[in-house]
Amino acid sequence: GEAVVPVANCDVKEYNSNPKEQLPFKEYVEYWREYIRNGYRSPRGCLYLKDWHLSRSGLIPNTPALGIAFPEQDVYTTPVYFSSDWLNEYWDAVAVDDFRFVYMGPKG
């Protein structure tokens, strides 16, 4: 619940993209539940959790390198059909980045 996640506002376009903000995961889940209860509407717009690097997620806003949200758990396993994960094999070896993302949000 305390992990900080990137959230895009799908109702706003900036330079052909959606602006993002950082929210605690539990706050995003609360928003999503309220959005559904209000008939898929919110004064905040349609927010979508996008590009969350779950396996290296930070706990402190604006400083994603300062803490791992789930250090005691292996939160990512490559599905068997994609077991030749050559892109992440490279990035894991150089310890710079990864391409393991989580996307979730309301319909629409």
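Criteria and thresholds
Residues numbered from 1 in each chain as written. Predicted model: local features only at pLDDT ≥ 70, side-chain atom pairs only at ≥ 80, totals over all residues. Heavy atoms only, no water. UniProt positions renumbered as here; feature names shortened; annotations may be inferred. Helix = DSSP H or I, 4+ residues; strand = E, 2+ residues; numbered from the N terminus. Buried < 20%, exposed > 50% of the residue type's maximum accessible area, 1.4 Å probe, protein only. Expected span 1.5 Å × (residues − 1). Arc of directions from axis to C-beta.

- If you check an unreviewed UniProt entry, the protein chain appears there as JMJD4 protein from Agelaius phoeniceus.
- In its Sequence similarities (unreviewed entry) section, UniProt records this for the protein chain: "Belongs to the JMJD6 family."

A word on unusual backbone geometry
Glycine aside, residues mostly have negative phi, and peptide bonds are mostly found in the trans state.
Working step 1: In the Ramachandran plot, Tyr15 falls in the positive-phi region, its phi being about 55° despite a non-glycine side chain.
Working step 2: Among the structural elements, Tyr15 can be located in the loop between strand E1 (4–9) and strand E2 (20–24).
Working step 3: With a relative accessible area of 83%, Tyr15 lands in the exposed category.
Working step 4: In this structure, Asp51 is a non-glycine residue whose phi angle is positive, near 65°.
Working step 5: On the basis of relative accessible area, Asp51 is assigned to the partly exposed category, the value being 22%.

Points about helix H1 (residues 25–37)
Working step 1: Taking 1.5 Å per residue as the helical rise, H1 with its 13 residues ought to reach 18 Å, and the 19 Å between its terminal C-alpha atoms agrees with that figure.
Working step 2: The set of residues buried in H1 consists of Tyr28, Val29, Tyr31 and Tyr35. One side of H1 holds all its buried residues, which, seen down the axis, span an arc of 160°. Counted as exposed and oriented over 90 degrees from the buried face of H1: Arg33 and Arg37.
Working step 3: In the segment just after H1, Gly39 is the residue with positive phi, at about 70°.

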